[in-house]
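Chain and residue survey
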Amino acid sequence: MSAPDPVRPTLGAIGVVLHDGKALLVQRSKAPDKGLWGYPGGHVEAGETVAEAAARELQEETGLIVTPGEVLGTLDLIHRDPAGALLSHFFLVAVACHYQSGTPIAADDAAAVAWVDYDRILGEELPMSAHVPEVLMKARAALG
């Protein structure tokens, strides 16, 4: 995601895909979460639903084809500088997405992509964006 207007939140969607006991994560190549692992996602375009945005961003960042499902929840990701000044505010909608086809390849804003075991995520074994384990728990409850 590119740098938003710090005066108002930027609407984004993240796609949460579970497959064979693993979750799909990407390593961000750009600020504000550069180097951190999280769910693929990005800005919601004008005239696009959050479900459509989640599926589009998943395809752009990983090459996977998915069918978007239910909304898992929302997240406020607020980044401030050391003095407390607002740098960015993303309002993200997490969407459960059902894997259809494809082999993940890092593209667009992703430096890397991987299917990650649930235990590694819940154990916070990777440097991750905020709320990744909590979103995984919601996705497992929704997707089984």
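So, here is what we can say about the structure in this document. For clarity, every value in this text was computed on a predicted model and none was experimentally measured.

With that settled, the discussion passes to the overall build of the protein. For the protein, the count of helices and strands is 3 helices and 7 strands. Mapped from its N terminus to its C terminus, the protein presents α and β elements in the order β-β-β-β-α-β-β-β-α-α. Over its C-alpha trace the protein gives a radius of gyration of 14 Å, about what one expects of a compact globule, namely 15 Å for 144 residues. When the backbone C-alpha atoms are referred to their principal axes, the protein occupies close to 45 × 35 × 25 Å. Sorting the 144 residues of the protein into buried and exposed places 42% on the buried side. Summarising the internal contacts of the protein: among those between residues at least 6 apart in sequence, 69% fall at separations of at least 24. For the protein, the centre of its 10 positive side-chain charges and the centre of its 19 negative side-chain charges are spaced 3 Å apart.

The next point concerns the pattern of salt bridges. In this structure the tally under the stated criterion is 7 salt bridges. Salt-bridge contacts for Lys 22 lead to Asp 117; the nearest nitrogen and oxygen are separated by 3.9 Å. You can see Lys 22 sitting in strand β2 (residues 22-28) and its partner Asp 117 sitting in strand β7 (residues 110-117), a full 95 residues away along the chain. A relative accessible area of 30% means that Lys 22 is categorised as partly exposed. On the basis of relative accessibility, which here comes to 36%, the residue Asp 117 falls in the partly exposed class. Through salt bridges with shared partners, a single network forms among Glu 48, Arg 56, Glu 57 and Glu 60.

Our focus in this paragraph is the packing of aromatic side chains. Tallied over the entire structure, the rule returns 1 aromatic pair. Seen in terms of ring centroids, Tyr 99 and Trp 115 are 6.1 Å apart; in terms of plane orientation they differ by 75°. Their pairing is edge-to-face. Of the two residues, Tyr 99 is situated in strand β6 (residues 86-101) and Trp 115 in strand β7; the sequence distance between them amounts to 16 residues. Taking the relative accessible area as the measure of exposure, Tyr 99 reaches 26% and is therefore partly exposed. Residue classification places Trp 115 among the partly exposed positions, given a relative accessible area of 24%.

As a further point, take the nonpolar core. Counting residues in each nonpolar core, the largest one holds 23 residues, and the members touching the most others are Val 16, Leu 25, Tyr 39 and Ile 121. Broken down by secondary-structure element, the contributors of at least two residues to this core are β1 (10-19), β2, β5 (65-80), β6, α2 (118-122) and α3 (132-143). Setting aside chain neighbours within four positions, we find Ile 121 in contact with Ala 23, Leu 25, Val 116, Met 128, Val 132, Pro 133 and Leu 136.

Criteria and cut-off values
- Residues numbered from 1 in each chain as written.
- Predicted model: local features only at pLDDT ≥ 70, side-chain atom pairs only at ≥ 80, totals over all residues.
- Heavy atoms only, no water.
- Helix = DSSP H or I, 4+ residues; strand = E, 2+ residues; numbered from the N terminus.
- Rg over C-alpha atoms; globule rule 2.2 N^0.38 Å.
- Buried < 20%, exposed > 50% of the residue type's maximum accessible area, 1.4 Å probe, protein only.
- Contact = heavy atoms within 4.5 Å.
- Lys, Arg positive; Asp, Glu negative; His and termini not counted.
- Charge placed at Lys NZ, Arg CZ, Asp CG, Glu CD.
- Salt bridge = Lys/Arg side-chain N within 4 Å of Asp/Glu carboxyl O.
- Phe/Tyr/Trp six-rings, centres within 6.5 Å; stacked < 30°, edge-to-face > 60°.
- Core = buried A, V, L, I, M, F, W, Y, C linked by side-chain atoms within 4.5 Å.

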